Structures are given as C-alpha cells and as structure tokens.
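Residue strings, one per chain:
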Amino acid sequence: MKRLRDAGAEVKVFACDASDEAALKKALDETRKELGPIGGMWNVAMVLRDSLLANLDAENFTEALKPKIDAAAAMEKLTANDPVGDFVVYSSATTVIGNPGQSNYVAANSWLEALMRKRRAAGKPGLAIAWGALGDVGYLARTGEVKEKIQKRLGYATLSGAEALEGLGRVLAQGDMRLETGVVTIAPIDWGQARRDLAYLSSPTFTQVLADAEMGPQDSGEQVDLAALVRGKDAREARDIVAEALTSEVARILKLPAKEISPQRPLAELGMDSLMGLELRMSVERRFDIDLPLVAIGDSTTLLTIAQTIVSRIHEPDAGEAAAVNSDLAARHIGDDVDHAELAEFSEAVEARRLSMGRANA
Ligand SMILES: NC(=O)c1ccc[n+]([C@@H]2O[C@H](COP(=O)([O-])OP(=O)(O)OC[C@H]3O[C@@H](n4cnc5c(N)ncnc54)[C@H](OP(=O)(O)O)[C@@H]3O)[C@@H](O)[C@H]2O)c1
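Computed from a prediction, not measured in an experiment: that's the story for all the values here.

It is worth spelling out the sheet that holds strand 3 (residues 127-131) at this point. With respect to topology, four strands assemble into an open sheet ordered 1-2-3-4, the strand pairing being parallel. Since the sheet does not close on itself, it has two edges, and those belong to strand 1 (40-43) and strand 4 (183-186), each with one partner. Strand-to-strand twist in this sheet, taken as the mean axis angle between neighbours without regard to direction, amounts to 20 degrees. Looking at chain direction, strand 2 (residues 86-92) and strand 3 are connected through five bridges and run parallel. Across the sheet, residue S92 finds its bridge partner in strand 3, namely W131. The strands that helix 3 (residues 58-78) touches are strand 1 and strand 2; relative to strand 1, the one it contacts most, it runs at about 170 degrees.

In this section: the nonpolar core. Counting residues in each nonpolar core, the largest one holds 30 residues, and the members touching the most others are L246, M272, L280, I306 and I310. Every element with two or more residues in this core is listed here: helix 11 (226-230), helix 12 (235-254), helix 13 (267-270), helix 14 (274-288) and helix 15 (303-315). Ranked by residues supplied to this core, first place goes to helix 12 with nine residues. The contact partners of L246, leaving out residues within four places of it in the chain, are V284, F288, L303, I306, A307 and I310. Judged by nonpolar contacts, the second largest core, of 16 residues, contains M41, A72, A74 and F87.

Once that is clear, we can look at the site of the ligand. Taken together, 22 residues form the shell around the ligand, and within it D17, K68, Y105, L134 and Y139 come nearest. With respect to the ligand, the backbone of A18 contributes an N or O atom lying 2.9 Å from a nitrogen atom. Interatomic distance of 2.8 Å between a side-chain N/O atom of K68 and an oxygen atom of the ligand. Protein contact buries 66% of the 900 Å² of open area that the ligand shows by itself. Among the secondary structure elements, those contributing two or more residues to the shell around the ligand are helix 3, strand 2 and helix 6 (138-142). Looking at the shell around the ligand, the element that brings in the most residues is helix 6, giving four residues. Taken together, the residues of the shell around the ligand sort by class into 14 nonpolar, five polar and three charged.

Thresholds, definitions, all that
Residues numbered from 1 in each chain as written. Predicted model: local features only at pLDDT ≥ 70, side-chain atom pairs only at ≥ 80, totals over all residues. Heavy atoms only, no water. Pairing = 2+ DSSP bridges. Helix = DSSP H or I, 4+ residues; strand = E, 2+ residues; numbered from the N terminus. Axes fitted to C-alpha atoms, helices over the stretch in contact; angles between N-to-C directions. Contact = heavy atoms within 4.5 Å. Core = buried A, V, L, I, M, F, W, Y, C linked by side-chain atoms within 4.5 Å. Buried < 20%, exposed > 50% of the residue type's maximum accessible area, 1.4 Å probe, protein only. Near = heavy atom within 4 Å. Polar contact = N/O pair within 3.5 Å; in protein donor to acceptor, adjacent residues only side chain to side chain. Areas by Shrake-Rupley, 256 points an atom, 1.4 Å probe, with all protein chains shown as cover. Nonpolar A, V, L, I, M, F, W, Y, C, P; charged D, E, K, R; others polar.

Keep in mind these values describe shape, not function.
Right, here's the structure in full:
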C-alpha cells in the first residue's frame, strides 16, 4: 500500500464480502463517491474446501464456489454501466489438468474462465489468469503441507510472486487481446512428474504436450509385471510378494522407509489420508496395470487385503470384488474392532473357493 501511495496513487480500502451483492453494491457506491467511476475490477478471492468428491457435502461445495462465482457475477452486474477497462479474475492451472480433492475449486475457476470468454465474445474486457503454484506468497506459501502435496502430485515447479507479476504485466500489456486469450495460464509444470499421478493426463488432449516430457527419476522401472512375479507361487506367497510391492508404493507416498510400513495395519493408521489412498490406487493401476474396484482401498483396508484383491485380479481380471467388498463391509459394520489379518484370511478363503468353483464349472 505504501509503495502504491509513494508512487502517487490514491489508495482506499473498502472491505466487504464480495459474494454478497448488497454489501458489494455498498462498497462500490462508496468507491464511486470517493474516487469516481469504476475503471477496473479484479476478483482474486478464494476459499478452499478440499475433499474427494465422495466426501464433499453441499456446504463445502458452495463455500468454495461463492467467492469466485457469486462474487464475479455480482461484480459484473454492478459495474455494467461503469467504464471498466480491466476485468481480471484469478483462476488456477488445476483447471487445465485437474487435481484430486479440488473438484469444487476447479469448478469455480472453470466458471470464472467461461465468464471471461463470454465477456470477450461480447466485446467486453475480460481476462482469467490460471496460475501455477506460487511458492513465496499466498495460501500455498503459508501452508507448507498443502504446498508439498500439490507440488508432489502435480509436479509443479513453483512460481515466485515476482515472476507472477512479471508474467501478469506482459499479458496486460497486450492491448489487442484476441478472443482466445481470454484465459491465460501462467504455470511452470513438470509434465513428466505430473503424469505419474494424474490419470487425466493420459487422455489424448495431452498427447502433444507430453510427447517430449521427461519422466521423473523415481519413474525408472515404471511398469512392474506382477503376474510374472507371482507365477507358480501359492496363494499366500503371491499375496506377500504383492504386499511387498505395495509397501514400497506406500513408503514412496508417505516418504517413509519401507520397513516402517506394516502391511497388516489399516491404511489410516499408517498415516494415509483419502487423497493418498487415491494416489495409491492410481499408482497400482499405472505401475501394475491392474484395475482395482473403487471399494478396494479405504481407511480401514490393509495392504494385505489389497494385495489379496490384486492377486485375485491377476488370476481373473474380473475377480477381486469379493475381497474388496468384504473389507468395505467389515469397515462399515465392525469399524475399528475388525481383525484385519483374520478378514484377509477369510477373503482369501472365499476367493480361493470361488476360483476353484469357477474352474470346476469351466
Ligand atoms: N497461491 C497460489 O499458489 C495460487 C495458485 C493458483 C491460483 N491462485 C489464485 O490466486 C488467488 C489468490 O490466492 P492466494 O493464495 O493469495 O489466496 P489467499 O491468501 O487465501 O487469499 C484469499 C483472499 O480471498 C479473500 N476472500 C475470500 N472470500 C471472500 C469474499 N467472499 N469476499 C471478499 N474476499 C474474500 C480472503 O479474505 P479473508 O482473509 O478476509 O477471508 C483472502 O484475503 C485466488 O483466486 C486463487 O484461486 C493462487
């Protein structure tokens, strides 16, 4: 503020909830009275309520949408008769590539981007900047843990505040913005690392971008042929081999030595949250080429149970539901008291019986 004033600007602050149209109207009326007509509108507000879609309730969804959608809609409506030169909104690079746990935030930013495109199409100023992760200012810089998660998952290199402002200046300096520049993404992205964890990046949309991307160092030996590893082994040996492979995946996700991960303990007790569970599922699909049923990985699932499901899947690609469903049912109905080792053995026995019956019927 001081730097702006020192540079000769008159600065006044009118605080309000921008998603509340009446409050925003009051702030804009005061602004006009003191400073004259509105020459520019910027919406940089954000509220994060991250959660996997399955756990997201209406309240958390709405809270993330309001500061972006309701505020921008009110801003547009209330300045329709002002000589607005810049109408700028801040979006995120996650609208381009997605981010598990941020469906509400991505939806809100996508809406903002659509509004800016619509404004451009109507010949009005409108610009959405989809930022990458900012490393030294803002929310991520304040919350180390979230920053680390996002960087790990998306393979972002971070952008400094100074670099962001420099990029913003260059975009704003383009007076003759064409329609398609209504949305500009300014984000350094390590595509090689990002594609490890974001299944969406395997879609044809990204073929061109990813063609030259180097995979990160931890991707060496990307694919593991589990079927070859367990061939000729009995059921228990096969399960233990797969559990060992899973243990190293979980160790990578939790950044812990593999020897500290017990395959008998529920994932939640190991320190895995639901997003990490999703990461494990995606990594199993990618590295081992095995599709796991949705219920196969939950808070109370153990690596032994997942290994059991995978072994069943290897023997019969459509199998494995039984182990996953048993584990899910036990978690729902027995809760923390469930004996996971016993459950894994029960699932194993049911699966073995099911397979032998299948073979007998074949
Ligand atoms: N930081 C990043 O790495 C990053 C990356 C991509 C995109 N972005 C975008 O950049 C923008 C700023 O991010 P940031 O990291 O600086 O966020 P931040 O530090 O959390 O600041 C968000 C601000 O929005 C305000 N706000 C929330 N709801 C509001 C409402 N209804 N009316 C008025 N103000 C409201 C908050 O005010 P209170 O404090 O009073 O609640 C807070 O000052 C956001 O739009 C975000 O989507 C940031």
